[in-house]
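Examination of the molecular architecture
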Amino acid sequence: MTDYRTLRVALLGAGAVGSQVADLLLKHRAELADRAGANLELAGIAVRNVDGKRDADLPRELFTTDAETLIVGSDIVIELMGGIEPARTQVLQAINSGADVVTANKALLATHGSEIFEAADQVGAEVYYEAAAAGAIPIIRPLRDSLAGDRVVRIMGIVNGTTNYILDRMDTEGADFADVLAQAQALGYAEADPTADVEGYDAAQKAAILASLAFHTAVPLDAVHREGITQIDAAMIESARHAGYVIKLLAVCERLAAAEGEASESISVRVYPALVERSHPLASVHGANNAVFVQAEAAGDLMFYGAGAGGVQTASAVLGDVVSAARRHIAGGVGVGESTRANLPTVPIGRVITRYQITLEVDDQPGVLATVAGILSEGRVSIATVEQTVIEPDADSAAGGSARLVIGTHQAREQDLSETVQRLAASGVVERVVSVLRVEGN
Ligand code: NDP
Ligand code: HSE
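Residues numbered from 1 in each chain as written. Chains lettered and ligands numbered in written order. Predicted model: local features only at pLDDT ≥ 70, side-chain atom pairs only at ≥ 80, totals over all residues. Heavy atoms only, no water.

1. Focus on the overall build of the chain
We apply this condition: Only DSSP runs of H or I with at least four residues qualify as helices, and only runs of E with at least two residues qualify as strands; both kinds are numbered from the N terminus onward. Two things to know: the radius of gyration comes from C-alpha atoms, and the globule rule equals 2.2 Å times the number of residues to the power 0.38. Burial classes follow relative accessibility: with a 1.4 Å probe on protein chains only, a residue under 20% of its type's maximum area counts as buried, one over 50% as exposed, and anything between as partly exposed. The criterion used for residue contact is that any of the two residues' heavy atoms lie within 4.5 Å. Asp and Glu count as negative and Lys and Arg as positive, but His and the ends of the chain are not part of the count. Positions of charges follow a simple convention, taking NZ of Lys, CZ of Arg, CG of Asp or CD of Glu.
Looking only at helices and strands, the chain has 14 helices and 17 strands in total. For 442 residues, the compact-globule estimate of 2.2 N^0.38 gives 22 Å, and the chain sits close to it at 25 Å. Here the C-alpha coordinates of the chain stretch approximately 90 × 50 × 35 Å along the principal axes. Classification of the 442 residues of the chain by burial places 53% in the buried group. The contacts in the chain between residues at least 6 apart in sequence include a share of 74% that link residues at least 24 apart. Across the chain, the centroid of the 34 positively charged side chains sits 5 Å from that of the 58 negatively charged ones.

2. A closer look at the site of ligand 1
Formally: If a single non-hydrogen atom of a residue is within 4 Å of a molecule or strand, that residue counts as near it. A 3.5 Å cut-off defines polar contacts: any pair of N or O atoms within that distance qualifies, except that in protein one atom must be a possible hydrogen donor and the other a possible acceptor, and neighbouring residues in sequence count only when both atoms are side-chain atoms. Computed by Shrake-Rupley with a 1.4 Å probe, the accessible areas treat only the displayed protein chains as cover when residues are assessed. Note that Gly is not counted as nonpolar here; it falls among the polar residues with everything else outside the nonpolar set of Ala, Val, Leu, Ile, Met, Phe, Trp, Tyr, Cys and Pro and the charged set of Asp, Glu, Lys and Arg.
Close to ligand 1 lie 21 residues, the nearest being Ala14, Val17, Asn49, Arg54 and Gly310. One of the side-chain N or O atoms of Arg54 is found 2.6 Å from an oxygen atom in ligand 1. Contact distances for ligand 1 include 3.2 Å between an oxygen atom and a side-chain N or O atom of Lys106. Its free accessible area being 900 Å², ligand 1 has 76% of it covered by the protein chains. Across the shell around ligand 1, the residue classes tally to 11 nonpolar, seven polar and three charged.

3. Regarding a nonpolar patch on the surface
Under the convention used in this document: Residues enter patches when they are more than 30% accessible in relative terms and free of salt bridges; like-charged ones are connected within 9 Å and nonpolar ones (Val, Leu, Ile, Met, Phe, Trp, Tyr) within 5 Å. One side-chain nitrogen of Lys or Arg within 4 Å of one carboxyl oxygen of Asp or Glu is enough to make a salt bridge.
Among the surface-exposed residues, Leu369, Ile383 and Val386 lie close enough to one another that they form a single nonpolar patch of about 230 Å² accessible area. In this structure Ile383 comes out as partly exposed when scored by relative accessible area, which is 32%.

4. Describing the packing of helix α1 (residues 18-27) against helix α12 (residues 311-331)
Heads up, the rule is: A fitted line through C-alpha atoms serves as each axis, taken over the contacting stretch for helices, and the angle formed by two N-to-C directions is quoted from 0 to 180°. To sort the angles, those under 35 degrees are grouped as roughly parallel, those over 145 as roughly antiparallel, those from 65 to 115 as roughly perpendicular, and the leftovers as oblique. Crossings are assigned a handedness: left-handed for a near helix turned anticlockwise from the far helix by less than a right angle, right-handed for a clockwise turn.
It is the contact of α1 with α12, at a shortest axis distance of 8 Å, that shows an interaxial angle of 60 degrees. Of the possible angle classes, the one that applies to α1 and α12 is oblique. Like other packed secondary-structure pairs, α1 and α12 cross with a definite hand, here right-handed. Contacts between α1 and α12 involve Gln20, Val21, Leu24 and Leu25 from the former and Gly311, Val312, Ala315, Val318 and Leu319 from the latter.

5. What about the packing of aromatic side chains?
As a reminder of what qualifies: Here the aromatic set is Phe, Tyr and Trp, taking the six-membered ring for Trp, and pairing holds for ring centres within 6.5 Å; pairs whose planes are under 30 degrees apart are stacked, those over 60 apart are edge-to-face, and all others are tilted. Placement of a charge over a ring requires the Lys NZ or Arg CZ to be within 6 Å of the ring centre, with the centre-to-atom vector within 35 degrees of the ring normal.
The final tally for this structure, using the stated rule, is one aromatic pair. One Lys or Arg, Arg226, reaches over the ring of Tyr201 and ends 3.9 Å from the middle of that ring. It is Arg438 that lies over the ring of Tyr272; its NZ or CZ is 4.1 Å from the centre.

6. Topic: the site of ligand 2
Every residue near ligand 2 is listed here: Lys106, Asn160, Gly161, Thr162, Tyr189, Glu191, Asp197, Asp202, Lys206, Gly308 and Ala309. At 2.6 Å, a side-chain N or O of Thr162 approaches an oxygen atom of ligand 2. Within the complex, 91% of the 260 Å² of free accessible area of ligand 2 lies under protein. Elements represented by at least two residues in the shell around ligand 2 include exactly α7 (161-173) and α10 (201-214). Residue classes in the shell around ligand 2 are distributed as two nonpolar, four polar and five charged.

Read these as spatial facts, not as claims about activity.
Next comes the structure, spelled out in structure tokens:
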């Protein structure tokens, strides 16, 4: 048997992910040693309640409530507690005591990533976080390493399993939003407080992480435009289907060319429900799965697909990071820092250019269509398609009572579009703006 050096591994957290990481570290000890070139000794597991029920059969003597003492002298610290504190303080403690850190904590990295990466840079440590965006799917390394010589133009990601599960069940079964959310919670996809999922906060954190890597720019969470899926109803799903689309909660990270008078390119990072053509690869991402569609100048279109959540699935990504950290420790040298040299500005949502589908309820009277078309034209919004359905015929009149207009636009600037929709709403011929959805993907 090879005589490997032993590396001391501290695990913080033994919940859905942490308990599986500990189990795999212990079960596959010999194989992991051969792959890492080091014995990975699980020195201890810090939790809140040492007698808590675990998803795996783990030795009781490994558990402690004293994370600070466990971190001291560790070579690799795996942070799987979640949340901001004490995770932030303990990750910084680990870095400053010479350990490499592995974390799956998107909330921490999206809010304190710069502080953590700078601290690691200062001491030559490295922070690994493959599981922090899209769970088991390898996407951090592809963006950070494999595509480091290319220029990423655009990322469109389904990065939240709960919302994809909800929208998919609404689409395939006509299920009701509240019912499917309850099922997603029962299946363990949704966070304890599902607001983070359904209001897009979880996806926004992942978008900030992906955009930072893709565009070599530290993207703060508050630069990410965020909308959730709570306003999506069965009628919108049906209308999307009728027009050949499916509704997905997308994280879109996009490089924008420098406009006239601007010194540099810029980026847009946004999360919202959008219409995706049914022929697009992202349309076939079902259930709680995630997928990240990357467009790069040289590589072209790439798609990364798989489980975006789940204890054992996420543990796979964490263990990959642990092996990388161990190899680096054995090889020596300073860690690879985050590349933020491009430092591109993030534009507000009003600058985004995309296509839209506007659904209106209008008076079904002569001249109404012309009025609507005139308002769109004045607002520099060009019509691509129009479909009218009479929804409330008026038996006493030659004309109808109410009609539904579904207008597909060519590419328009978000600010022009939203001002135009406001003018339509106030025009007197529009009874109700039913919905305005972006159309993403070519
Ligand atoms: P859980 O809530 O299931 O587990 C959290 C663990 O951390 C528990 O063991 C808990 O201890 C421990 N813990 C929490 N606070 C403290 C504290 N103050 N001191 C000591 N221990 C503490 O979380 P998950 O395993 O689901 O998630 C872990 C991380 O992985 C999070 O950052 C999450 O965002 C990320 N992630 C999770 C995925 C998933 O599918 N679950 C997917 C991708 C990323 P105790 O057991 O005693 O309460
Ligand atoms: N609640 C998250 C999801 C877990 O639904 O994708 C993984 O981050």
